[in-house]
Amino acid sequence: MLEVKNVAKSFNLKNLDKGKFSVIRDACFNVNSGECVALIGNSGCGKSTLMRMIYGNYVCAEGQIYIDKENILDLKAIEMSILRKQKMGYVSQFLRVLPRVSTIDLVMEPLLDQFESRARAKDIAETLLSRLNLSSQLWHLSPLTFSGGEQQRVNIAIGFSKDYKLLLLDEPTASLDRENKKIVMDMISEKKEKGSAILGIFHDKEVRDKVCDREIDVSNFSAS
Amino acid sequence: MSNSEEDFNFAYLDEQTKRMIRRALIKAICIPGYQVPFASREMPMPYGWGTGGVQVTAACLQETDVLKVIDQGSDDTTNAVSIRKFFERVAGVKTTENTGKASVIQTRHRIPEQVLSEDQILVYQVPIPEPLRFLEPRETETRVMHALEEYGLMHVKLYEDISINGEISTAYAYPVKVNDRYIMDPSPTPKFDNPKMNFCPAIQLFGAGREQRIYAVPPYTKVISLDFEDYPFEASRAEKTCEICGATNTYLDEVVIDDKGTRMFSCSDSDYCNSQKS
Amino acid sequence: MEQILKAKAINKKFGDVYACNNLSIELYTGEVVGIVGESGSGKSTLLNCLSGSLVPDGGNITYLDRDNNWLDLLSLPEPRKRNLLRTEWAFVHQNPRDGLRMAVSAGGNIGERLMAIGYRNYSQIRAEATEWIEKVEIDAIRLDDKPSIFSGGMQQRLQIAKNLITKPRLIFMDEPTGGLDVSVQARLLDLIRSLVRELGLSVIIVTHDLAVARFMANRLIVMKNGKIVETGLTDQVLDDPQHSYTQLLVSSILKV
Ligand SMILES: Nc1ncnc2c1ncn2[C@@H]1O[C@H](COP(=O)(O)OP(=O)(O)OP(=O)(O)O)[C@@H](O)[C@H]1O
Ligand SMILES: Nc1ncnc2c1ncn2[C@@H]1O[C@H](COP(=O)(O)OP(=O)(O)OP(=O)(O)O)[C@@H](O)[C@H]1O
Ligand SMILES: [Mg+2]
Ligand SMILES: [Mg+2]
Ligand SMILES: [Zn+2]
């Protein structure tokens, strides 16, 4: 499903002296459908950077990244944004949403983007939020004032609302309590069974052992 | 055409001016409802006293014409009398109060009740010729709107009327569409008179002195008052009878007749009222 | 995915100032493109050229109309152009006064486009105006009020209702939330976003606010001195900017 080939990444901060530095070199790996693969490595080795390049959030100037055999680095911005909507879910570490929009609307949004009916989108969103133990009193509020754990669960609900072919998870369980962590692990397993390819960054070894089929050590691709 | 100079050079205006105004009039008649700019001249009366109408009348008058001047339907207001006197002096034409006997009728704010005929010219005094002015102050923009027939705005005005008053409350200067093309301001005549403009046998000429515009409706031209399907145009009048002649189908004025404030309704068209009395 | 607007090599000079220097942009159906850049970089000039309110000195602009014909906008007859502006296009100005008639009631403002395209039934116009004023979250009781007594946020919402009532396909916005305070701004952006999705609109939005750009736009164009310095997916341009100017722009403001 996902194939990363000879990918390298360097940042060039042009307004700084010595602003140019390499982070990743010659990264090669793949993730199959129905499989969950963990990116591991010490802090700062480039796990999030790699994931962001796959999502198109960071520019990838070297190598190839294939999704469904299509090199996404050849895509125009508009094509990439369509590919995201159709195939790729991304749960980032931090929630970044428009102020004032209610939690339920945020979760419904990706579904509506794919022309689901409002009623069905609402149904799916409510089921997800309930499952993640998010009190229904919060559904109609903006998540921007929620606690860290609540925000993260909103983020997960947004990323899990659809059955994406590829799911990118950057520390989805970091600030969750045991009970909620367990629920998220179950959700990940279900997505696997449904055939999603999942690439995740999990600091928590317990989570990795439970849901991940393989680990890829990103420090092996480290440029330094 | 050898003695043309002699023929034309009367009725106050010099020949140049008269020719210029006649040209504007011909253009106006060719494009019914279209406002033709013209170089309005100083007249021996202030703007707002019918200088546009006076220039148009002066440009039309010939020695054989018989002139009638009305103001709000009446022949004997100061304004009507002074314009009539003016033309008696500068053109020496005959004048009349009898609508049927006049060949040129200059009017402010009314159309005579008596149906006009093909050999008559009705000259309107117009203060503000641009019907769109109320909502669109930019002249450049209103010109483009006329050119491109973008008249949605005119209905916005009527919409506002209904939303505020529950009906189209515009009672004067009620906008019309001429010959299915131009939207025109019929000058501040009551909307009761609007239907008289439609397929009128007489030539209707409009002169705006201060704004320097002339426009026209040729004989037998379609003139339709704008409206909404569910709020159709109505040529309304006071639901009263003229207390002088007993007419029930004329436009009425309400006048105070004594010191106690007693009011009376009577025809605003004084000539018509007189003719009905006898 | 189909293009709806294509502009090639747009040039516009004011005196010696190149407000648009050889700019090319394309817009796809359903796409929201943001144009960001510092004051004076030529954003509004570009938008005005694209929307036909300014004639560029050179270049080529084509638009795919409702009937699937590519129209050459620079040679399009004026009546057709104005017709497009009333039907298939909309322009939301920063200052609501530029887009509203302040002496006309809210309902009259919203209904104007309908009347312009031939609606002649008062009740129907009023019904649609009521529907739209509610859609933009203004109480329908205010339908007969003049916009001059509305708050800035309400005026802006009214302007949007007025523009969207004829279901346009392409909408130009120049700083639509410019003068508004933050909470009002967020509500308005959310409203615009849901309308964009509901109606499948294509949008070009000019803003100097990167937060607004992030939340509204799929794709971003960064301008400086009349030139495009960078373009790409919005989050990519903001999170991993390539051009030194964009890097400066992104780092010089609070994290968005
Ligand atoms: N947008 C950026 N601009 C410049 N440098 C960046 C950017 N994003 C990441 N980096 C740098 O790239 C390197 C890798 O960062 P990254 O966030 O990928 O690490 P990580 O492996 O995810 O670490 P952690 O486990 O702490 O999250 C770091 O040195 C970081 O400072
Ligand atoms: N009508 C005009 N006459 C002369 N110069 C103009 C005109 N319009 C714009 N300019 C100049 O063109 C340049 C670009 O202006 P423009 O309004 O497009 O900038 P902008 O990016 O929209 O800025 P802002 O964010 O302040 O609105 C500026 O230098 C401006 O002074
Ligand atoms: Mg990380
Ligand atoms: Mg601007
Ligand atoms: Zn009478």
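Predicted model, so just to flag it, every value in this text is computed and none were measured.

Q: Even after reading the chapter, I still don't get the coordination of the zinc ion (ligand 5), so can you show me in this structure?
A: Residues and elements named next belong to chain B. Protein coordination at the zinc ion (ligand 5) comes from C242 (SG), C245 (SG), C267 (SG) and C273 (SG), with a distance range of 2.1 to 2.3 Å. Taken together, the four donor atoms coordinating the zinc ion (ligand 5) and their angles of 103 to 119 degrees define a geometry best described as tetrahedral. Here the donor residues of the zinc ion (ligand 5) share one chain and are spaced in sequence as C-x2-C-x21-C-x5-C. Classification of C267 by relative accessible area gives buried; the value is 6%.

Q: I'm lost on the pairing of strand β6 (residues 88-91) of chain A in this one. Help?
A: Within a regular strand, side chains alternate between the sheet's two faces. Residue and element names in this part refer to chain A. Alternating residues of β6 divide into M88 and Y90 and G89 and V91, and every residue in both groups is buried. The sheet contact formed by β6 and strand β7 (residues 166-170) spans four bridges and is parallel. Paired with G89 across the bridge in β7 is L167.

Q: Even after reading the chapter, I still don't get the site of ligand 1, so can you show me in this structure?
A: Residue and element names in this part refer to chain A. Not every one of the 13 residues close to ligand 1 is listed here, only the nearest: S43, K47, S48, T49 and Y58. Within the backbone of G44, a nitrogen or oxygen atom sits 2.9 Å from an oxygen atom of ligand 1. The fraction of the free accessible surface of ligand 1 (630 Å²) that becomes covered by protein chains is 69%. Going through the elements one at a time, β2 (20-31) and α1 (47-55) are the ones with two or more residues in the shell around ligand 1. Here the shell around ligand 1 takes three residues from α1, the largest share from any one element. In terms of residue class, the shell around ligand 1 is made up of five nonpolar, six polar and two charged.

Q: Just checking my understanding: could you explain the interface of chain A and chain C for this structure?
A: Note on interface size: it is often stated as the accessible area lost on association of the parts. Contacts between the two partners involve 28 residues from chain A, matched on the other side by 28 residues from chain C. Buried surface at the junction of chain A and chain C, both sides included, amounts to about 2,500 Å², of which 54% is carbon and sulfur. Where chain A meets chain C, there are nine salt bridges. Notably, a salt bridge pairs E109 of chain A with R193 of chain C, separated by 2.8 Å at the nearest N-O pair. Going through the elements one at a time, β1 (2-12), α2 (77-87) and α3 (103-113) of chain A are the ones with two or more residues in the side of chain A that touches chain C. In terms of residues, the side of chain A that touches chain C owes the most to one element, α2 of chain A, which gives seven residues. When grouped by side-chain class, the residues that make up the side of chain A that touches chain C number 13 nonpolar, five polar and ten charged.

Here is what the cut-offs are and how they apply
Residues numbered from 1 in each chain as written. Chains lettered and ligands numbered in written order. Predicted model: local features only at pLDDT ≥ 70, side-chain atom pairs only at ≥ 80, totals over all residues. Heavy atoms only, no water. Donors = N, O, S within 2.8 Å, 3.2 Å for Na, K, Ca; no water. Tetrahedral: all angles 85-135°; square planar, octahedral: opposite > 155°, others 65-115°. Buried < 20%, exposed > 50% of the residue type's maximum accessible area, 1.4 Å probe, protein only. Helix = DSSP H or I, 4+ residues; strand = E, 2+ residues; numbered from the N terminus. Pairing = 2+ DSSP bridges. Near = heavy atom within 4 Å. Polar contact = N/O pair within 3.5 Å; in protein donor to acceptor, adjacent residues only side chain to side chain. Areas by Shrake-Rupley, 256 points an atom, 1.4 Å probe, with all protein chains shown as cover. Nonpolar A, V, L, I, M, F, W, Y, C, P; charged D, E, K, R; others polar. Contact = heavy atoms within 4.5 Å. Buried area = accessible area lost by both parts, 1.4 Å probe. Salt bridge = Lys/Arg side-chain N within 4 Å of Asp/Glu carboxyl O.

Purely geometric numbers; function is a separate question.
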